[in-house]
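Coordinate inspection notes
Letter by letter, the chains look like this.
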Amino acid sequence: APEPARGEKVSENPAFHQVSAGVILANTVLIAVEAALIQHEDLRPYFEKAEWTFTVLYCIELAVRLWEHGISFFKGPDSGWNIFDLILTLTSAADALSSVLCANAKSSGASVGRLFRILRILRMMRALKFLDEVEVVADIAGKATLKLCVLVTIVVFVSGVVITQFCFDSSNDVVVDGFG
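Everything numeric in this text was worked out from a predicted model, so none of it was measured. (Residues numbered from 1 in each chain as written. Predicted model: local features only at pLDDT ≥ 70, side-chain atom pairs only at ≥ 80, totals over all residues. Heavy atoms only, no water.)

1. Overview of the packing of helix 2 (residues 44-69) against helix 3 (residues 79-101)
It is the contact of helix 2 with helix 3, at a shortest axis distance of 10 Å, that shows an interaxial angle of 140°. Regarding the angle of helix 2 to helix 3, the classification is oblique. Regarding helix 2 and helix 3, the two cross each other, and that crossing is left-handed. For the pair formed by helix 2 and helix 3, the contact residues are W52, T55, Y58, C59, L62, R65 and L66 on the first element and N82, D85, L86, T89, S92, A93, A96, L97, S99 and V100 on the second. (Axes fitted to C-alpha atoms, helices over the stretch in contact; angles between N-to-C directions. Helix = DSSP H or I, 4+ residues; strand = E, 2+ residues; numbered from the N terminus. Parallel < 35°, antiparallel > 145°, perpendicular 65-115°, else oblique. Left-handed = near helix turned anticlockwise from the far one by under 90°. Contact = heavy atoms within 4.5 Å.)

2. Description of the confidence of the model for the chain
Averaged over all residues, the pLDDT of the chain is 80; the fraction at 70 or higher stands at 79%. Averaged over each element, pLDDT in the chain is lowest for helix 5 (residues 123-127) (65) and highest for helix 2 (90). (pLDDT = per-residue confidence, 0-100.)

3. Describing the nonpolar core
Membership of the largest hydrophobic core is limited to seven residues, which are V23, I24, L30, F47, A50, F54 and Y58. Elements that contribute at least two residues to this core include exactly helix 1 (14-36) and helix 2. No other element matches helix 2, which puts four residues into this core. Ignoring sequence-local partners within four residues, the contact set of V23 consists of F54, L57 and Y58. (Core = buried A, V, L, I, M, F, W, Y, C linked by side-chain atoms within 4.5 Å. Buried < 20%, exposed > 50% of the residue type's maximum accessible area, 1.4 Å probe, protein only.)

4. Comments concerning the packing of helix 1 against helix 2
Between helix 1 and helix 2, the least distance of the axes is 11 Å, while the angle of their chain directions is 155°. Compared by their axis directions, helix 1 and helix 2 come out roughly antiparallel. Once helix 1 is placed against helix 2, the crossing between them reads as left-handed. Together, F16, S20, V23, I24, A26, N27, L30, I31, V33 and E34 of helix 1 and F47, A50, E51, F54, L57, Y58, E61, V64 and R65 of helix 2 make up the contact between the two elements. Of the residues belonging to the contact of helix 1 with helix 2, the class tally is 13 nonpolar, two polar and four charged. (Nonpolar A, V, L, I, M, F, W, Y, C, P; charged D, E, K, R; others polar.)

5. Section: helix 2
The end-to-end C-alpha distance of helix 2, which contains 26 residues, comes to 37 Å, matching closely the 38 Å that a straight helix rising 1.5 Å per residue would cover. Along helix 2, the residues that are buried comprise R44, F47, A50, E51, F54, T55, Y58, E61, L62 and R65. Residue G70 follows helix 2 closely and has a positive phi angle near 60°. (Expected span 1.5 Å × (residues − 1).)

6. Here we look at the packing of aromatic side chains
Under the criterion given, the structure shown has two aromatic pairs. On the numbers, 5.1 Å between centres and 90° between planes, the contact of F73 with F74 is edge-to-face. Classification of F74 by relative accessible area gives partly exposed; the value is 33%. Their ring planes at 85° and their centres at 5.9 Å tell us that W81 and F84 sit as a pair that is edge-to-face. Highlighted residues: W81 and F84, both in helix 3, separated by three residues, approximately one helical turn. By relative accessible area, which is 28% here, W81 ends up partly exposed. (Phe/Tyr/Trp six-rings, centres within 6.5 Å; stacked < 30°, edge-to-face > 60°.)

What follows is the structure in structure tokens.
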């Protein structure tokens, strides 16, 4: 991984973004697997430990970004995502702490914290900021493909007309009957 340049913020390093995106993707996969295996009570402790791990990783990521950006964390073009991350991380941390403090309470699995954990999937959208660029490329490629299809259709049409004329003017009666 490339080392940050002197004075460069760790949270602005591409490696930091890649690791963050990897954590978000892994958490999204875990949420999907947990949903598929929700009826297996024996797996719940493993899922809870994994959620704790993800919560700690999100808290570290948030702490780094808050430390480096200070109050500007809440301003600028990413302020909406930053506030969303803050609320989601604080809610996840509170849910994790409440699950430890209330370990004896029987949970139905449908806690408010669980619902907020599902919202972590939306963090994938932040990790996929480049989609605007992909949309532009797809738009250009789509227009070029459409133009190519029109061109191919015209070539096939003109070729069909020319071949039909040649076959109609043929001296072979079988060919003329096929086009006449």
